[in-house]
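# Working through the structure, step by step
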Amino acid sequence: MKTLLRNCIYQGKNVYRDMGFLFWGLIYPIILVSFFYIAFSGISNIGLEDIDIGMERENPISAILETIDMVNIVEVPRKDANRNLAEGNIDGFIDEDLNILVNDSGINQTMIKGIVEQIKQMNSLNRPMENYDFEANYIADRDQEANGILVIFYSLIGMVSTYSVFAGIETVSLAQGNLTNIGARLNITPLKKKDFLFAGIIVALAFNLLANGLLLLFIEFVLKMNLLREARYSLALIILGNIFGVSLGIFIGASNKQSIGVKTMFAIASTLFLSFLSGLMSPDIKIILDKNLPILGRINPLAIIGNSLYRVNLLGNTKDVGVGMALLTLYSIILIFGAYMFLRRRNYDSI
Amino acid sequence: MIVKVDNLVKRYKELIALDHFSMEVREGEILGLLGPNGCGKTTAINCILSLLSFDKGEVEVLGKKMTPDAYDIKRQIGMVPQEVAVFENLTVKENIDYFCGLYIDDRSLRREYVEEAIDFVELKDYIGFYPKKLSGGLKRRLNIACGIVHKPRLIFLDEPTVAVDAQSRNFILEGIKKLNREGSTIIYTTHYLEEAEMLCNRIVIMDNGKSLVSGTNQELKAMITTTEKIIVRFSQDDDGIMERIGDIPHVIEVTEEDGDYIIKFENGINNISNLLEFIMENNLIYTKLYSQLPTLNDVFLELTGKGLRD
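Just so it is clear, the model here is predicted, and its values are computed rather than measured.

From N to C terminus, chain B includes 11 helices and 14 strands. Dimensions of chain B, computed from the C-alpha atoms along their principal axes, are close to 75 × 45 × 35 Å. Relative to its full complement of 310 residues, chain B shows a buried share of 52%. As presented, chain B carries roughly 14200 Å² of accessible surface, and 46% of it is formed by carbon and sulfur atoms. Across chain B, the centroid of the 37 positively charged side chains sits 9 Å from that of the 50 negatively charged ones.

What follows is about the confidence of the model for chain B. Per-residue pLDDT for chain B averages 91, and the proportion of residues at 70 or more is 98%. At the low end of the mean pLDDT range in chain B sits helix α11 (residues 296–304) of chain B, at 82; at the high end sits helix α3 (residues 92–101) of chain B, at 97.

Another aspect to go through is the packing of aromatic side chains. Each aromatic ring pair is specified by the distance between its two centres and by the angle formed by the two planes. The full count for this structure, using the stated rule, is 18 aromatic pairs over all chains. When the ring of A:Phe21 is compared with that of A:Phe207, the centres are 5.7 Å apart and the planes differ by 85 degrees; the resulting orientation is edge-to-face. With A:Phe21 in helix α2 (residues 19–44) and A:Phe207 in helix α9 (residues 193–222), this pair connects stretches of sequence that are 186 residues apart. Among the residues examined, A:Phe207 registers a relative accessible area of 19% and is labelled buried. The structure contains a cluster of three or more aromatic residues connected by ring pairs, namely A:Phe23, A:Trp24, A:Tyr28, A:Tyr163 and A:Phe166. Geometry around B:Tyr130 places B:Lys132 over its ring, the cationic atom sitting 5.7 Å from the centre. Lying over the aromatic face of B:Phe171, B:Arg141 brings its terminal NZ or CZ to 4.1 Å of the ring centre.

The subject of this paragraph is the interface of chain A and chain B. Taken together, the 27 residues of chain A in the interface contact 38 residues of chain B. Note on chain A versus chain B: buried area summed over both sides is about 3100 Å², and carbon and sulfur give 58% of it. Applying the counting criterion to the chain A and chain B interface returns three salt bridges. Salt-bridge contacts for A:Arg6 lead to B:Asp97; the nearest nitrogen and oxygen are separated by 3.3 Å. In this structure, the connection of chain A to chain B is made through 12 residue pairs in polar contact (both at pLDDT 80 or more). Put simply, the parts of the chain that give the side of chain A that touches chain B at least two residues each are α1 (2–16) and α8 (181–188) of chain A. If one sorts the elements of the side of chain A that touches chain B by residue count, α8(A) sits on top with seven residues. The residue makeup of the side of chain A that touches chain B, split by class, is 11 nonpolar, seven polar and nine charged.

Along its sequence, chain B is organised into domain 1 (3–222) and domain 2 (228–293). Measuring from the centre of the C-alpha atoms in domain 1 of chain B to the corresponding centre in domain 2 of chain B gives 43 Å.

The domain architecture assigned to chain A consists of domain 1 (2–43 + 147–343) and domain 2 (50–132). For domain 1 of chain A versus domain 2 of chain A, the distance between C-alpha centres works out to 48 Å.

All names here are of chain B. Positive phi, normally seen in glycine, also occurs at Asn208, with a value near 50 degrees. Along the polypeptide, Asn208 turns up in the loop between β9 (202–207) and β10 (210–215). Even without a glycine there, the phi angle at Asn283 is positive, about 50 degrees. Of note, Asn283 is situated in the loop between α10 (271–281) and β14 (286–292). The class of Asn283 is exposed, set by a relative accessible area of 65%.

About the cut-offs
- Residue positions are given per chain, counted from 1 along the sequence in the order it is written.
- Lettering of chains starts at A and numbering of ligands starts at 1, both following the order in which they are written.
- The model is predicted, so local features are restricted to residues of pLDDT at least 70 and side-chain atom pairs to those at 80 or more, both for listing and for counting; the totals for chains, interfaces and linings are taken over all residues.
- Excluded from the side-chain calculation are hydrogens and water; included are all heavy atoms of the structure.
- Secondary structure elements are taken from DSSP: a helix is a run of H or I of four residues or more, a strand is a run of E of two residues or more, and numbering for both begins at the N terminus.
- Only protein chains enter the accessibility calculation, which uses a 1.4 Å probe; a residue whose area is less than 20% of its type maximum is buried, one above 50% is exposed, and one in between is partly exposed.
- Areas reported here follow the Shrake-Rupley algorithm with a probe of radius 1.4 Å; residue values treat only the protein chains shown as occluding.
- In this tally, Lys and Arg are treated as positive and Asp and Glu as negative; His is ignored, and so are the chain termini.
- Here the site of a charge means NZ on Lys, CZ on Arg, CG on Asp, or CD on Glu.
- Scored from 0 to 100, pLDDT reflects the predictor's confidence in each residue.
- Side-chain rings of Phe, Tyr and Trp (the six-membered ring for Trp) are treated as a pair once their centres are within 6.5 Å; stacked means planes under 30 degrees apart, edge-to-face means over 60, and tilted covers the remaining angles.
- The criterion is that NZ of a Lys, or CZ of an Arg, lies within 6 Å of the ring centre and within 35 degrees of the ring normal, and then a charge sits over that ring.
- Any pair of residues with heavy atoms lying within 4.5 Å of one another is described as a contacting pair.
- A simple way to read buried area is as the amount of 1.4 Å-probe accessible surface that goes missing from two parts once joined, with both sides added.
- By definition, a salt bridge exists where a carboxyl oxygen of Asp or Glu is found within 4 Å of a side-chain nitrogen of Lys or Arg.
- A 3.5 Å cut-off defines polar contacts: any pair of N or O atoms within that distance qualifies, except that in protein one atom must be a possible hydrogen donor and the other a possible acceptor, and neighbouring residues in sequence count only when both atoms are side-chain atoms.
- Amino acids are sorted into nonpolar (Ala, Val, Leu, Ile, Met, Phe, Trp, Tyr, Cys and Pro), charged (Asp, Glu, Lys and Arg) and polar (every other residue, Gly among them).
- What counts as a domain boundary in this text is fixed by an automatic or database domain assignment.

Right, here's the structure in full:
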């Protein structure tokens, strides 16, 4: 126990003072989340802004549109419509015959078109306009759009939860006599390899969980985004992500004789690629893959974490989350077993 | 015997790194493992320490068979590897304390040992430094401190003076003598014959993975036919002089190097007077003349036909 504690303290100091760990584990995720926040805030803020629809005073649908909170009617004569559109005073213009004039394409324009289409349909069916709840429908649509962007943030949290991979690589490299000089030295001491590795795993999990916690605090209090509404499942998923990450790191570290730098780059590339497939760069990728290759989303560990976080926090849906957690556990066991097969040799053929 | 190595064979595919290598180390001595770079010294050490697997042979350390999980033996061993092997993100003191803690559980004893090791390698002014901030020589000292801090009974030092300046080198060699005086048995690998001559009680000469000879400095020199070398330079050239020098009694070989004649003698006690007599008889004028006793390099040269640093 004493040996374990001493190793945890010293390995902890060694990791904590490592600029690589600080950057990849803490600074990089904060930069990435800030970048995404800035890049996508324009799109997500659409949901908070009114749609300015221009029309003439006597347009009969003005009374209907006035009942929709998110619509702001701007009185514009027909002849001035183009100028107002060009100057950005209005998002679209609707004339008496329900023809639409727009100068741009975007969500607001799409929504104007949708509203007009609905009015036309209600007219053709001779149904009273009061029966249609425009606001409820379109707010839901707009939320759907915003939620697509949130997929990116959940994917990012999923990705950084696996960043214990770096400390995993470092630990196993330091423990292996054929990989580092320190490894060779440690193998000559009475320290058992499993004690060193176990301490390294504890340190990797502790530091990455701490880094994840700081990232979540940054998202919550600096970016003011309340992403984790369901704490219990979210915590379990993040912990499992960490365990998967450290297992992957130990496997990568043990499986070949490349330098720590090469292994770290490989870890970054593989987690980034899996995150990309889970919708980190664009929710469209995830949608395309879900449509054409749904199995990928179900077996990709990063997608399991990101999707599950999305589902439990945004949709309140915990269905299949248990399956995802079981899969992550299974992956971790397989990776640890694979690493054990490489690490179990007691001495080396060459160093 | 504190270490006994018998017929060790280590192959790397087609390459035979250790070819039936044998050696014995007695308690309390400094044994020098001397040989040119790539002759198998480090491989031998790594096999003895069970870091490397080997194809054939037996290794006994401290009277027991050495295995990778012989932790009771490892507890009594200290190792200073050729490459500096310390944690880059731990300070000098933390590194020494970490390695000491792998052997010594008692905290107060550990603190005492760490202080002693810091004093021993004279790193007191650098205890808060990270290794990357240290010069090459200071790093080597830290490397040594981490290997000897727990006061081991048996210490392996694998070329600890490679790439070290003369000042640090002398410091390290003096420290090794001190460790030996304090009771540690030392196995010291080097390709510097001066170090082996100065430091070691006994020397094993290695080449191509084989142990060629072993013995004390004097014993090794007595094994070769050359007992003395006389170097002489004449003020003028004289055709056929090399042949005539070769006729002097006990001369084995005469060579010329940059105008100096290097004359190797065997077993003669009047070599210089014989040479002076020859000079006078031939009316030669010499500008330089001195005698050299054989070195380990001569031993190595005679055994292998090549110099230690060839």
